[in-house]
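So the chains spell out like this:
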Amino acid sequence: EAYLTSGYETKAEIGFIGSVYENIWPYRKKLVDWLTKTYGDKFEHFGQDGKIRLDALNKLCGTLKIVVGDSVRSPNYWSNRIYEVTGRGGFLIHPMTEGLAEEFTPYKHFVPYKFGDFAGLKEIIDFYLSHEKEREAIRLAGFEYCKANYTYQIRVREMLRVLKERGIV
């Protein structure tokens, strides 16, 4: 769904998109609760039921000024929301995860923060809320990069190349 649009009905400027399973990954609830307490009406949690997809997700990513991401902490693992948010034109702030900088360039395609550092996250959010030019440059660079490298068509082509290289197909 790599196209730019906007027009999602919300007053929020900052959002978190995704489910919260406190028993599996308690940090996410802490993050969403902290964002709610810190930013009040400027923040909204979207997609708790997993139903925000397709054009609605594109509109949401293009409407919010900032999307805060999260992934279960594990080296070389991160949520597909990184691809979904950047590939739909969202400005993403995400915890730095080992290996992520090999896929996306920090401060060029997304903005990292130190996992669990809510004071640092607040500084980053506040900075980018008030620096539209910098935010837009990263948002658009992330979109173009993701569109050029990570659409399903591109990834399937790469998967088939690897399978052929290994004599599987």
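Residues numbered from 1 in each chain as written. Predicted model: local features only at pLDDT ≥ 70, side-chain atom pairs only at ≥ 80, totals over all residues. Heavy atoms only, no water.

Peer 1: Describe the pattern of salt bridges, listing the residues and the values that go with them.
Peer 2: Applying the stated criterion across every chain yields a total of 10 salt bridges. For Asp33, the salt bridge is made with Lys29, and the minimal N-O distance between the two is 2.7 Å. With Asp33 and Lys29 both in helix H1 (residues 26-39) and 4 residues apart, this pair spans about one turn of that helix. For Asp33, a relative accessible area of 40% puts it in the partly exposed group. Ionic pairing is found between Glu84 and Arg53, a salt bridge with its closest N-O pair at 3.4 Å. Taken together, the positions of Glu84 in helix H3 (residues 81-87) and Arg53 in the loop between strand E2 (43-46) and helix H2 (54-63) put the pair 31 residues apart, joining distant regions of the chain. Using a relative accessible area of 15% as the deciding quantity, one classes Glu84 as buried. A relative accessible area of 37% places Arg53 in the partly exposed class. Connected through shared salt-bridge partners, Arg53, Arg81 and Glu84 make up one network. (Salt bridge = Lys/Arg side-chain N within 4 Å of Asp/Glu carboxyl O. Helix = DSSP H or I, 4+ residues; strand = E, 2+ residues; numbered from the N terminus. Buried < 20%, exposed > 50% of the residue type's maximum accessible area, 1.4 Å probe, protein only.)

Peer 1: Break down a nonpolar patch on the surface for me, citing the residues and quoting the values.
Peer 2: A cluster of nonpolar side chains, namely Val156, Met159, Leu160, Ile168 and Val169, defines an oily patch on the protein surface of about 460 Å² accessible area. Of note, Leu160 is situated in helix H6 (residues 152-165). (Patch = residues over 30% accessible without salt bridge, like charges linked within 9 Å, V, L, I, M, F, W, Y side chains within 5 Å. Areas by Shrake-Rupley, 256 points an atom, 1.4 Å probe, with all protein chains shown as cover.)

Peer 1: Just give me the short version of H1, but keep the residues and values in it.
Peer 2: Compared with the 20 Å implied by 1.5 Å per residue over 14 residues, the 20 Å span of H1 between its first and last C-alpha is a close match. Where H1 is concerned, the buried positions are Tyr27, Arg28, Leu31, Val32, Trp34, Leu35 and Tyr39. Taken down its axis, H1 places every buried residue within 160° of arc, on the same side. Exposed side chains of H1 directed beyond 90 degrees from the buried face belong to Lys30 and Lys37. In this fold, the buried residues of H1 make contact with strand E1 (14-17), E2, strand E3 (66-68), strand E5 (111-113) and helix H4 (118-130). Downstream of H1 by one or two residues, Gly40 has phi in the positive range, about 50°. (Expected span 1.5 Å × (residues − 1). Arc of directions from axis to C-beta. Contact = heavy atoms within 4.5 Å.)

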